[in-house]
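Descriptive structure summary
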Amino acid sequence: MFEASTLEERRRYYREEWNVKELPDFIKKDLNKREFGFDHLGNGPNDRYRIFKTQDMIRRFMRYRSPFAAYCSIAFYNKPWQRGDWLKSELVFDVDAKDLPIRSCNCEGVCNICLNEARQIVLLILDTLRGDLGLKDIHMIYSGRGYHIRVLDEEVMTFDSEVRSQVLKYVSGAEAPKNKYVLENEVDQKPYELEHFLIPFGYPAVFTSRVKHSIMHITGKEKIENINTKLLKDIIKYRNLVEKGEWGLFKNKIGPIRYKNFVESMSQLNMGIVDAKVSIDLKRILRLPTSLHSKVSMKCMEVKNIENFDPLKEAVPKFVMERKDY
Amino acid sequence: MVSLSFLNPLSSEGEEIVREKGSLDHISDINAELLMVVRESESQKISNDSYIPQSYADLAVKRVEWYARKKNDKKYNHNDYAFLLNPEITEFDVISFYIAAQSVGIKFKPNSRETRLMIEAQGKLVEERLEKIPSYQRKEIVDNLLNQLVFEDNIPWTSIAELLGSKKIRLADLILDQGEVILEKDDFMDRFDEKIIGRPSEKMYDLLIGERIKIMIITRMIMQNTENYIKRVHDMASKIEPHPSLLQIADQITEKINESISYYSSSGGGFGGDIKASELVHEAFPPCIQKTIEGVGSGNRNDAIVLLLTSFISYARLYPSVFRNDISMKISDIDADLQITINEILPLIYDAADRCTPPLFEDDPQEKLNITAKLGFGVHTIPELKNEGESKWYTPMSCEKIKIHLSSLCKPDATCKNIGNPLSYYNRKRWELRKSGGKSKTNEDTKNDE
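Quick notes on the rules
Residues numbered from 1 in each chain as written. Chains lettered and ligands numbered in written order. Predicted model: local features only at pLDDT ≥ 70, side-chain atom pairs only at ≥ 80, totals over all residues. Heavy atoms only, no water. Helix = DSSP H or I, 4+ residues; strand = E, 2+ residues; numbered from the N terminus. Rg over C-alpha atoms; globule rule 2.2 N^0.38 Å. Buried < 20%, exposed > 50% of the residue type's maximum accessible area, 1.4 Å probe, protein only. Contact = heavy atoms within 4.5 Å. Areas by Shrake-Rupley, 256 points an atom, 1.4 Å probe, with all protein chains shown as cover. Lys, Arg positive; Asp, Glu negative; His and termini not counted. Charge placed at Lys NZ, Arg CZ, Asp CG, Glu CD. Salt bridge = Lys/Arg side-chain N within 4 Å of Asp/Glu carboxyl O. Pairing = 2+ DSSP bridges. Axes fitted to C-alpha atoms, helices over the stretch in contact; angles between N-to-C directions. Phe/Tyr/Trp six-rings, centres within 6.5 Å; stacked < 30°, edge-to-face > 60°. Lys NZ or Arg CZ within 6 Å of the ring centre and 35° of its normal. Core = buried A, V, L, I, M, F, W, Y, C linked by side-chain atoms within 4.5 Å. Buried area = accessible area lost by both parts, 1.4 Å probe. Polar contact = N/O pair within 3.5 Å; in protein donor to acceptor, adjacent residues only side chain to side chain. Arc of directions from axis to C-beta.

Turning next to the overall build of chain A. The secondary structure content of chain A amounts to 13 helices and 14 strands. Radius of gyration (C-alpha) of chain A: 22 Å, near the 20 Å computed for a compact globule of 326 residues. For chain A, the spread of C-alpha atoms along the three principal axes comes to 70 × 50 × 30 Å. The proportion of buried residues among the 326 residues of chain A is 56%. Across chain A, the fraction of contacts at a sequence separation of at least 24, relative to all contacts at a separation of at least 6, is 68%. Surface exposure of chain A reaches about 14,500 Å², of which carbon and sulfur atoms provide 47%. Taking the 55 positively charged and 47 negatively charged side chains of chain A as two groups, their mean positions are separated by 4 Å.

In structure tokens form, the structure reads like this:
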């Protein structure tokens, strides 16, 4: 499991198992407006600017070239062969299990545990995208080592990088929420203190859920900026309060000054749960759903039911199951 | 009731006023009615003629001058400009808004300091004018303005993308639900009342949203619309011969802005007062810049040199107070013959580029052109005065951006705490170094010496 595939295995995959008809509809639609890229030798996607006018052209290409990795652009162009005349781009969030800032497994690459933690984060982000941001045309892709969340609602596809960056920070909880509020008719008085956990909706609630996820998965071995060993130990010691939703007590145990620093540190840490570069890049290419992630021998695939998705059951190609050590 | 065009000159009411009375032929003529409104404005200083705008043209200049002085001049006195907050001035003000916006749009580029000040002045005027309206009237005016600016009952957050992109509003400051920005109390109660435990929901609404968020959206939208209007004028200016009076007014606006900056420069202030152009203090460079100067590996190399170092070094050397002053300048405003730029700034950047692995220009010689462009001199091999303004003089990227784009360079030290930009770090550290008595010693070094 998670071992690289050989050229022979790739050939078997693309000739016997892979079917062009299984490409997700959102890829098949406007296929000729996307740029395709390939990695043939495992050195990165250096065969770029490719276009396919029909599904049959992709079918033939994949069958005969059996690439190490296949990608397609999140962008739509009038001239995809030169990445020219940009029209729009999907809004993308890349949650890579191997790069999560907090992983309870501490494994070297990816394993069942961190893949599951990445899936839980995807569920949280999905909830925010649908609930707070009201987005509907969302597709989840298992990438082989994590998940891509691809949003195709028309109104977000023309956003520039700055707007995408704001959305990214919102959904990942990467801004320390305000905790002091003033009433209009009391501007000269002391502001009201309202911590994020006292506001059960909007951005404060998003932040609370992301921080809760991190607290529940901390192992104590992490190095988190501005959180020393003593504070890390206390967070673990009192996290049962967070689990029960008793945030006020948790804050008391941590202490108000340390809690303020904790909130700041967690907002910085949350920035790492999604690969920010992917979200703000309008011309990114992403692994093609249905293609093979040859480094780990897993299928990159669209996930219809993320709540119950188990990559080790659903994304394993036949050739891996037939390996002697499987 | 205050007219909505007093707050939003780009409204249909405002456009109507301009259509009826906005001829450009007599905008510099003395206007007796305007003089009367100004003189009768509450607490307006009238002891000197220079306080009083006598014509539409004067008023157009005063609108920008007011804001530039308010920001930069410690001797600023509100009573010099009290007429700007008098609702009786509405008609004159609307016409002068268009005159100022057109003058700026014709003469200057959309990212010039004149354009920025014009936009910011309009935003500040909206805020101050709303503040002065009695609260019993304000609610209705705010709602009417919002209806005028936003056509739907609830604003989809996606419809304010332009404001989000220009960072005029943070998404995290808004209460969102099902894709909508929640603004009305009834709506808030319908959606969240059941979720709120242990606190009165109405008070929660007042704290989290209230008029504050509505006013923020209104102000930012009017600023955005002003920006868009100036851009449109700028685009049109190349096709239509501009009215000579507008060009004269644009020059007067520049003159007034320069005056206000010189007030500021002579008054000092901030971290020890002196954050004017002066020799670079390398010891005050933040860790990300130190690392960049030492040379960067291929992954981050181009952005580190072209985007981060170029802007940092040029601003640190020539205009370290850019964020404090908040007025955009051109390099030649400070380095008139470009001697500092060519003999000090560029060599430092080029040397750092050579220390990269592999050296930047060996791999990407065209990046020299990009460096020139980031200094505001367009895509050329070296900066030359004739090309200035072809591109924008990039300000240093924020710490937040560095964390995203160049995360491997971000190794914060104690000073980085509460700092949002490498240039702010530089100013603070330079001040600390000077305060501690040694230009070349940091606090830590001093301790070790002891």
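So that's the structure; there's more coming.
Next up on the list: the pattern of salt bridges. Considering all chains together, one arrives at 52 salt bridges over all chains under this definition. Between Arg323 of chain A and Glu9 of chain A there is a salt bridge whose closest N-O contact spans 3.0 Å. In this pair, Arg323 of chain A sits in the segment after α13 (318-321) while Glu9 of chain A sits in helix α1 (residues 7-17), placing the two residues 314 residues apart along the sequence. For Lys401 of chain B, the salt bridge identified is with Glu162 of chain A, shortest N-O distance 2.9 Å. With one member in each of two chains, Lys401 of chain B in helix α20 (residues 399-405) and Glu162 of chain A in helix α6 (residues 161-172) form a pair that bridges those chains. For Glu162 of chain A, a relative accessible area of 24% gives the class partly exposed. Among the ionic contacts, a cluster of salt bridges with common partners joins Lys62, Glu65, Lys256 and Glu259 of chain B.

This brings us to the sheet that holds strand β8 (residues 146-151) of chain A. Through backbone hydrogen bonds, the strands of a sheet pair up, either in parallel or in antiparallel fashion. Residues and elements named next belong to chain A. Sheet architecture is open: 4 strands sit in the order β6-β8-β7-β14, paired in antiparallel fashion. Only two strands of the sheet have a single partner each, and these edge strands are β6 (91-96) and β14 (301-303). Geometrically, the sheet is characterised by an average inter-axis angle of 25° between neighbouring strands, direction not taken into account. Pairing of β6 with β8 involves 6 bridges; the strand directions are antiparallel. The residue of β8 that forms the bridge with Asp96 is Gly146. Sitting on the sheet, helix α4 (residues 112-131) is in contact with β6, β7 (138-142) and β8, with an inclination near 15° to β8.

The next thing to look at is the packing of aromatic side chains. All told, the structure shown has 34 aromatic pairs over all chains when counted by the stated rule. Taken together, the ring pairs in this structure connect Phe197, Trp247, Phe250, Tyr259 and Phe262 of chain A into an aromatic cluster. Positioned above the aromatic ring of Phe76 of chain A is the side chain of Lys88 of chain A, whose terminal nitrogen or guanidinium carbon lies 5.1 Å from the ring centre. Sitting over the face of the ring of Tyr350 of chain B, Lys368 of chain B holds its NZ or CZ atom 4.8 Å from the ring centroid.

Next up on the list: the sheet that holds strand β1 (residues 36-39) of chain A. Residue and element names in this part refer to chain A. What the 4 strands build is an open sheet, ordered β2-β1-β3-β11; its pairing is antiparallel. Of all the strands in the sheet, the pair left with one neighbour each is β2 (47-50) and β11 (285-287). Each strand of the sheet is rotated relative to its neighbour by a mean of 25°, with strand direction disregarded. Pairing of strand β3 (residues 69-73) with β11, which is carried by 3 bridges, proceeds in the antiparallel orientation. Residue pairing in the sheet places Ser73 in a bridge with Ile285 of β11.

Moving on to the nonpolar core. Counting 238 residues, the largest nonpolar core has Phe93, Leu129, Leu133, Phe250 and Phe262 of chain A together with Trp157 and Ile217 of chain B as its most contacted members. The leading source of residues in this core is helix α11 (residues 210-237) of chain B, at 11 residues.

Next up on the list: the interface of chain B and chain A. Between chain B and chain A, the contact holds 39 residues from the first and 37 residues from the second. Both sides together, the interface formed by chain B and chain A hides about 3,300 Å², and carbon and sulfur atoms give 63% of it. When the buried area of chain B at its contact with chain A is split by residue, Trp157, Leu207 and Ile404 of chain B rank highest and sum to 19% of it. Between the two partners, chain B and chain A, sit 3 salt bridges. Counting across the interface, chain B meets chain A through 11 residue pairs in polar contact (both at pLDDT 80 or more).

Now for the environment of Asn77 of chain B. All names here are of chain B. Summarising the element assignment, Asn77 is placed in the loop between α4 (56-72) and α5 (90-107). Residue Asn77 is classed as partly exposed on the basis of its relative accessible area, which comes to 26%. Expressed as a C-alpha distance, the spacing of Asn77 and Glu279, which sit 202 residues apart in the sequence, is 35 Å. Side-chain polar atoms of Asn77 contact the backbone nitrogen of Asn79, separated by 2.9 Å.

Here the focus is helix α9 (residues 247-254) of chain A. All names here are of chain A. All of the buried residues in α9 are Trp247, Phe250, Lys251 and Ile254. Across the axial projection of α9, the buried residues extend over an arc of 100°, all falling on one side. Contacts made by the buried residues of α9 are with β10 (192-193), α7 (202-217), α8 (229-243) and α10 (256-270). Remark: Gly255 follows α9 within two positions and exhibits a positive phi of approximately 100°.

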